[in-house]
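# Observations on chain architecture
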Amino acid sequence: MEKYGVNELRKMFLEFFESKGHLAMKSFSLIPHNDKSLLLINSGMAPLKPYFTGAEIPPRRRVTTCQKCIRTGDIENVGKTARHGTFFEMLGNFSFGDYFKHEAIAWSWEFLTQVVGLDPNRLYPSIYQDDDEAFDIWNKEIGIPADRIFRFGKEDNFWEHGAGPCGPCSEIYYDRGEKYGCGKPGCTVGCECDRYMEVWNNVFTQFEGDGKGGYTELAQKNIDTGMGLERLAVVMQDVDSVFDIDTMKAIRDKVCEMSGKKYQVDALDDVSIRLITDHIRSATFMISDGIMPSNEGRGYVLRRIIRRAARHGRMLGIDGIFMAKLAATVINESKDGYPELEEKKDFIFKVLSQEEEKFGKTIDQGLSILSDMEKQMEADGVKVLSGENAFKLYDTYGCLLYTSPSPRDI
């Protein structure tokens, strides 16, 4: 199996669907357009919602994209695990009332087995439990034995969000091998361990849901396919996590070089290394789309990401301002797919440096205030800092007060 790089995989995917009559569109901005329901674009289909709803006419009924996305719901876990991140790229092919299940399933299988060369014997499709049509396509047209097609319920294989268009899903899992498994008897597709990794998700939007469990067939059925680029790269490069794929490893190695630390030597250092690797990608892409650090909205998300990375840089012992230098590596690794990064690099460096400098002054001010608080506590005979003062130091000045020997456990 060829170990394709991230930039190669992105190009291969878009070119494959162009060969199937799709219009390859540039990634949309991370700032949603005319969509107040989202703070930041968080999926491949999010910018295309007007085409799915009929509010706007798509430039073509078949479209393919590689969409940059930000998700911060699990931000507190970033760094602590090898799974969590805030920035990712989502590969997608979309049909607006054109092709449906037969083509979507066939093309997903063709790309995975013939274009990137995954072993078909290590691929396992799943379907919604009642979707016999998808089962027959996988079984009779693609040739997958019935015992290798997994039926899952609504929680796993049916996409819906309140009332509106919705439908069943068909995912494809790749068996990464026993070394990534949990070792438990009966470990198979659907297990929570890292052995069977979902690499593709076909969403068949074929119903209109009333939000109360009632469904009617849509006259115009759509396809919304999503596949995480970084996740695909993990499989193709046979590495442990997204932090080990080529583009992210280059950033990770730069963090280690700047800090003088080695990866996978100290667990606490690894938390900081992973967090900075992820957060600098998010910050670089957000700034390139015109998002500026502020105290509200998406600007606050950016400020929080920059300051978390800067704080963990200090924990690793990195001296001085470092994030702009690290952003240069992000840009170098991603400019093939996003040339605007190179065009806006000076602006990106300036914003990062200014915010990091501002944060450094804020921390110094916070430490001075903490010193005054400690003196007052001593004078009052108090040994425990009040919750109000602790929150003020953390929320306003970025100071972390530790009660355990694990300062990165935040």
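Here, the structure is the one placed above.
Every residue gets a number counted from 1 within its own chain, in the order that chain's sequence is written. The predicted origin of the model limits local features to residues at a pLDDT of at least 70 and limits the giving and counting of side-chain atom pairs to 80 or more, whereas totals for whole chains, interfaces and linings rest on all residues. With hydrogens and water excluded, all non-hydrogen atoms of the structure serve as input to the side-chain values.

What follows covers unusual backbone geometry. A positive phi angle is found at Asn34, which is not glycine, with a value near 50°. Type-normalised accessible area, obtained with a 1.4 Å probe on protein chains alone, sets the label of each residue: buried when under 20%, exposed when over 50%, and partly exposed for intermediate values. Judged by its relative accessible area of 69%, Asn34 falls in the exposed class. Positive phi values are uncommon outside glycine, yet Gln264 reaches one of about 65°. By the criteria applied, helices consist of DSSP H or I runs no shorter than four residues and strands consist of E runs no shorter than two, each listed in order from the N terminus. Secondary-structure assignment places Gln264 in the loop between α7 (246-259) and α8 (267-288). Judged by relative accessible area, which is 58%, Gln264 ranks as exposed.

What follows covers the pattern of salt bridges. We count a salt bridge whenever a side-chain nitrogen from Lys or Arg sits within 4 Å of a carboxyl oxygen from Asp or Glu. Per the counting criterion, the structure on display carries 27 salt bridges. Residue Glu76 pairs with Arg304 through a salt bridge whose shortest N-O separation is 2.4 Å. Residue Glu76 is located in the loop between β2 (62-70) and β3 (87-96), and its partner Arg304 is located in helix α9 (residues 297-316); the two are separated by 228 residues in the primary sequence. Here Glu160 and Lys154 are joined by a salt bridge, their closest N and O atoms 3.6 Å apart.

Now for helix α4 (residues 132-142). By the burial criterion, the buried members of α4 are Ala134, Phe135, Ile137 and Trp138. Projected down its long axis, α4 shows its buried positions confined to an angular sector of 160°, all on one face. Elements in contact with the buried residues of α4: α3 (101-115), β4 (123-128), β5 (150-152), β7 (164-175) and β8 (196-209). Just beyond α4, the residue with positive phi is Gly143, at close to 90°. The arc in question is traced by the directions running from the helix axis to the C-beta atoms. Pairs of residues are marked as contacts when any of their non-hydrogen atoms sit within 4.5 Å.

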